[in-house]
Amino acid sequence: MDFQDADVHRRLDADGRPIEPGYEPPLSDERLRELYRDMKLSRHFDTRMISLQRQGRLGTYASSAGQEGSQFGSMYAIEDDDWVFYQYREHGSVIDRGGLADYVRYWLGYETGNATLVDHHIAPLNIGIAAHIPHATGMAWGSKIRGDDTVVVCHFGEGSTSEGDFHEGLNFAGVFDVPAVFICNNNQWAISVPAGKQTASRTFADKANAYGIPSVRVDGMDPLATFEVVRDAAGRARDPNAEPPEGASGSATRPTLVEAVQYRFGAHTTADDPTVYREDEEVERWKRWDPIPRLETFLRERGSLDDEAVSAIETDVEAVVADAIEEGTDVEPDPDDLFEDAYAELPDRVVEQREYLRRLREEYGDGALLEEH
């Protein structure tokens, strides 16, 4: 699975220069600067969150560094009312739509921060690998039944394609021709398992053939190429009379499987040591395709960005992330929250456990219960 295969859609070379002379991007200069700013924000957010975890203030966190191109390229290509399902690494979806302080709160361990994502048409973060894919298909089917034009975008890693939920979700999506865009973020490593050991298929995009749905490969570290691919896929999903793209096989026209070829710069999570299973030379080789400096070079050379603008963006990004962390960490723990969210209606035994803890707290105080023995 070579990143530079001819079938990988790409607009910018590794240095950020257009591959085709005279290329004009699909976004206005203002939107391009916003895209660059959001990618910088995501990278800085990533750095701060890892720092908080190392300080013991945060739970296990999954870094997104290197994958900003696919995240923001795809988010900029869809409508605000479209729904987004994601695994746990696509922080760009949250940053793009707001609610960053609540998201910080989630990573601190507060489920309320996860629940508020739905206010932004983002399904709650999913930890179970590929478990959200059938849910995304179901929501897309509901959109089709209602006859509205809502599209469901579902992100997952290439390791998810080894799970049964992936096969069930995409098979159902093809059979019922649902308005969905499935984005396989192929970052080359499913924790410590390389992409080449995940499948014997030539590419992950090829898996769409089994379900009769169109597929496309894109440079996920090129936000402009990703924007174009997801924009076109979302357009087909929105159109009940859509025609399949040229060369596609199968009868389904509305769903699409996008393989975003990219690389995870950091560890799988803060609980992982990637030096055990990959070489530093490999990481450095992929960093040549870093989506942020590539886009910055492109914008500078077309006169859309300069030193002053970059400095202002960096100052703004630091302030936004600092405010989100300050607000997100300003929370008073409530032990009653331990009993929420697992059930719509609490079973009697869970109610009894909650009441028992309340009695203990009232009798002995929280301080006594927190003492180490």
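Everything here concerns the structure above.
Computed from a predicted structure; not experimentally measured. (Residues numbered from 1 in each chain as written. Predicted model: local features only at pLDDT ≥ 70, side-chain atom pairs only at ≥ 80, totals over all residues. Heavy atoms only, no water.)

S.K.: It is not clear to me how the overall build of the protein should be interpreted in this structure. Could you clarify?
M.R.: Tallying secondary structure elements over the protein gives 12 helices and eight strands in all. By principal-axis analysis of the C-alpha atoms, the protein measures approximately 75 × 50 × 40 Å. By the burial criterion, 51% of the 373 residues in the protein qualify as buried. Just so you have it, the protein exposes about 17,200 Å², and 47% of that area is on carbon and sulfur atoms. (Helix = DSSP H or I, 4+ residues; strand = E, 2+ residues; numbered from the N terminus. Buried < 20%, exposed > 50% of the residue type's maximum accessible area, 1.4 Å probe, protein only. Areas by Shrake-Rupley, 256 points an atom, 1.4 Å probe, with all protein chains shown as cover.)

S.K.: For this particular structure, what's the right way to read the nonpolar core?
M.R.: The tendency in soluble globular proteins is for nonpolar side chains to be buried side by side. Formed by 58 residues in total, the largest nonpolar core has its most connected members in F45 and Y103. When neighbours within four sequence positions are excluded, Y103 is seen to be in contact with F45, Y86, Y88, H91, V94, G113, L117 and L125. Ranked by size, the runner-up nonpolar core spans 24 residues in total, among them A136, V152, F156 and A252. (Core = buried A, V, L, I, M, F, W, Y, C linked by side-chain atoms within 4.5 Å. Contact = heavy atoms within 4.5 Å.)

S.K.: What should I look at first to understand unusual backbone geometry in this one?
M.R.: Most peptide bonds are trans, and most residues other than glycine sit at a negative phi. In the Ramachandran plot, Q188 falls in the positive-phi region, its phi being about 80° despite a non-glycine side chain. When you line up the elements, Q188 lands in the loop between strand 4 (180-186) and strand 5 (189-190).

S.K.: Is there a simple way to think about the environment of G235 in this case?
M.R.: With respect to the helices and strands, the residue G235 is situated in helix 8 (residues 223-238). On the basis of relative accessibility, which here comes to 39%, the residue G235 falls in the partly exposed class. Once the C-alpha coordinates of G235 and T256 are considered, the two residues, 21 residues apart in sequence, prove to be 11 Å apart.

S.K.: I'm lost on the packing of aromatic side chains in this one. Help?
M.R.: Aromatic ring pairs are reported here in terms of the distance separating the ring centres and the angle at which the planes meet. Applying the stated rule across the entire model yields 13 aromatic pairs. Here F166 and Y211 contribute two aromatic rings whose centre-to-centre distance is 6.2 Å and whose plane-to-plane angle is 80°, an arrangement assigned as edge-to-face. Within this pair, whereas F166 is found in helix 7 (residues 164-176), its partner Y211 is found in the loop between strand 6 (193-194) and strand 7 (215-219), the two being separated by 45 residues in sequence. Taken individually, F166 and Y211 each receive the classification buried, so the pair is uniform in this respect. Ring centres of W189 and Y277 lie 5.1 Å apart, and the angle between their planes is 45°; on these two criteria the pair is classed as tilted. Taken together, the positions of W189 in strand 5 and Y277 in the loop between strand 8 (256-261) and helix 9 (280-287) put the pair 88 residues apart, joining distant regions of the chain. Exposure class is identical for W189 and Y277. Each is buried. Ring-pair connections join several aromatic residues into one group, and the members of that group are F45, Y61, Y103, Y106 and W107. (Phe/Tyr/Trp six-rings, centres within 6.5 Å; stacked < 30°, edge-to-face > 60°.)

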